[in-house]
Amino acid sequence: MPPASELMPALEQVLYSGHIAEGEAVYQFEAAFAAHFGLPHALAFSSGTGALHAALLLGGAGPGTEVITTSMTAEPTNVVIVHTGAKPVFADVDPRSGNLCPKAVEAAVTPRTRAIVVVHYAGFPAAMDELRAIADRHGLYLIEDCAHALGSRYGDAAIGTIGDAAIYSLQAIKHMTTVDGGVLTLRDPAAIDTAKELRWFGLRKGVPRTSIDVKRAGYKYNMNNVTATIGQVQLRHIGGLIERHIANGRYFDDKLAEIPGIAVTAFESKARPSYWLYTVLSDDSDDVERRLAAISVSASKLHRPNHLHTLFGQQDADLPGLAAFYRRMVHIPCGWWVGDEDRARIVAALSRG
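Residues numbered from 1 in each chain as written. Predicted model: local features only at pLDDT ≥ 70, side-chain atom pairs only at ≥ 80, totals over all residues. Heavy atoms only, no water.

## A short note on the sheet that holds strand β12 (residues 278–282)
With antiparallel pairing, the 3 strands of this open sheet are ordered in space as β10-β12-β13. Two strands bound the open sheet, and with one partner strand each, they are β10 (262–264) and β13 (329–332). If you compare each strand with its neighbour and ignore which way they point, the axes differ by 35° on average. Strand contacts of helix α9 (residues 238–256): β10, β12 and β13, with the helix running at about 15° to β12, the strand carrying the most contacts. (Pairing = 2+ DSSP bridges. Helix = DSSP H or I, 4+ residues; strand = E, 2+ residues; numbered from the N terminus. Axes fitted to C-alpha atoms, helices over the stretch in contact; angles between N-to-C directions. Contact = heavy atoms within 4.5 Å.)

Quick look at the structure:
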């Protein structure tokens with residue numbers, strides 16, 4: 001959180017303003033977020049999951065359709081596909097990164113496919129040139145799930161500007177938080193009005209209710225002025241916090257790669273990760289967890305591969321790349337709170353013979 005001396009007066013002002021629902025503070029936050037992260041525009045939502053639901057609907061997901069996605073993610077990514085009535089189709093991942101494998105994605109395309117959801121896992125950009133080409137070749141809607149990747153870049157592009165839609169999470173444990181919240185950005189500005197209707201019951205803000213004809217059922221996904229105010233204050237400080245994530249991640253890239261038996265996440269030379277988490281790859285991931293627990297540092301695999309959940313009915317999916325990645329991977333902290341001494345202790349613990 002930003003300093004209380006900045007945040008609390010701003011919150012007091014909005015809380016006693018008489019305007020705490022969606023209003024000017026939300027629209028100011030949207031403009032500031034887009035400007036800060038190099039996006040064409042930003043639409044604020046109550047959660048990243050709500051933003052992803054809207055993106056999927058804009059992309060044509062619905063009953064009888066399929067969405068190609070990854071099993072290596074937090075469950076909401078794929079639960080929300082089920083909410084649309086579409087079937088999640090799990091493509092395999094690159095065992096060096098946990099990100100979607102473009103060849104596996106292309107092999108999963110069928111006449112029922114409408115969209116691809118690509119998660120930039122742990123803040124490491126996926127192979128967007130290849131995935132964009134696949135989407136274009138097959139006429140598919142490409143959605144970037146940037147929940148882990150705020151501030152990442154891919155070549156000259158801000159992450160989230162290569163897909164047809166992208167979502168960001170502002171949930172409690174992400175790079176930046178508004179306690180809860182999310183952002184949607186769209187490649188086609190003509191879709192903005194529809195997205196706004198989807199986030200608020202199918203209605204349009206700023207238009208007299210008596211003159212509106214609701215043509216499509218929307219949802220209660222709008223952000224409010226209170227969380228937007230938190231976001232505005234957060235934006236004044238987020239640059240330095242993300243840079244600390246990156247500095248820690250690069251430190252681990254250099255130091256951990258020198259340790260026998262440990263590998264680090266692979267990524268393309270044009271990718272600039274924002275390192276929400278740091279992924280260590282080891283043939284004995286349990287040993288990594290034990291070594292760090294001994295110095296009171298939490299490490300874990302964090303997520304369960306989604307295809308193993310009964311909900312998706314795909315427990316027997318053939319995903320050898322994911323199996324190899326999941327067996328070897330363990331996440332260690334690299335956030336802004338990890339100081340120089342902390343990261344040196346982590347490296348020392350993993351270096352001991």
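## With respect to the packing of aromatic side chains
By the definition in use, this model includes 14 aromatic pairs. For the ring pair Trp-200 and Phe-201, a centre distance of 6.0 Å and an interplane angle of 50° mean the geometry is tilted. Relative accessible area serves as the criterion here: at 12%, Trp-200 is assigned to the buried category. You can call Phe-201 partly exposed: its relative accessible area is 39%. Plain terms: the ring middles of Phe-252 and Tyr-278 are 5.3 Å apart, the flat faces sit at 55° to each other, and that makes the pair tilted. (Phe/Tyr/Trp six-rings, centres within 6.5 Å; stacked < 30°, edge-to-face > 60°. Buried < 20%, exposed > 50% of the residue type's maximum accessible area, 1.4 Å probe, protein only.)

## What about helix α11 (residues 320–328)?
An α-helix turns once every 3.6 residues. As a result, residues three or four positions apart point the same way. When we look at burial in α11, the residues that qualify are Gly-321, Leu-322 and Phe-325. The arc that holds every buried residue of α11, seen down its axis, measures 95°, which confines them to one face. On its buried face, α11 is in contact with β12 and β13. (Arc of directions from axis to C-beta.)

## Digging into the layout of surface pockets
Counted as a void, the largest pocket has a volume near 360 Å³. Contributing to the lining of the largest pocket are 22 residues, with Ala-74, Pro-76, Ala-147, Ser-169 and Lys-174 lying nearest its centre. Going through the elements one at a time, α3 (48–58), α4 (76–84) and β8 (165–169) are the ones with two or more residues in the lining of the largest pocket. With 3 residues, the single largest contributor to the lining of the largest pocket is α3. The residue inventory of the lining of the largest pocket, partitioned by class, reads 9 nonpolar, 10 polar and 3 charged. (1 Å grid on protein atoms, 1.4 Å probe; cavity = no way out; pocket = protein on both sides within 12 Å on 5 of 7 lines; lining within 4 Å. Points joined across faces, edges and corners; volume = space filled by probe spheres on them. Nonpolar A, V, L, I, M, F, W, Y, C, P; charged D, E, K, R; others polar.)

## Focus: the pairing of strand β2 (residues 66–70)
Burial analysis of β2 places 5 of its 5 residues in the buried class, which makes it a mostly covered element. Side chains of β2 alternate between two faces, with Glu-66, Ile-68 and Thr-70 and Val-67 and Thr-69 buried alike. Pairing geometry for β2 and strand β3 (residues 87–91), over 5 bridges, is parallel. Bridging from a neighbouring strand, Thr-70 pairs with Ala-91 of β3. Here β2 runs beside strand β4 (residues 113–119); their pairing, made up of 3 bridges, is parallel.

## Considering the sheet that holds β2
The strand order β1-β9-β8-β5-β4-β2-β3 describes an open sheet built from 7 strands, whose pairing is mixed. Strand pairing shows two members of the sheet lacking a second neighbour, β1 (43–45) and β3, which therefore form its edges. Going from strand to strand, the sheet's axes swing by 25° on average, the running direction of each strand aside.

## Remarks on helix α10 (residues 285–293)
Taken residue by residue, α10 has Ser-285, Val-288 and Leu-292 as its buried positions. The arc that holds the buried residues of α10, viewed along the axis, is 50°, so those residues lie on one side. For α10, the elements touching its buried residues are β12, α11, β13 and α12 (340–351).

## Concerning the nonpolar core
Phe-29, Phe-33, Ile-116, Phe-252, Leu-256, Leu-292 and Ile-332 are the most contacted members of the largest nonpolar core, which has 77 residues in total. Excluding residues that lie within four positions of it along the chain, Leu-292 makes contacts with Val-297, Ala-299, Ile-332, Ile-346, Ala-349 and Leu-350. Ranked by size, the runner-up nonpolar core spans 26 residues in total, among them Leu-43, Ala-51, Ala-61 and Val-117. (Core = buried A, V, L, I, M, F, W, Y, C linked by side-chain atoms within 4.5 Å.)

## Comments concerning the environment of Lys-255
Tracing the sequence through the fold places Lys-255 in helix α9. On the basis of relative accessibility, which here comes to 34%, the residue Lys-255 falls in the partly exposed class. C-alpha separation for the pair Lys-255 and Thr-73, spaced 182 residues apart in sequence, amounts to 27 Å.

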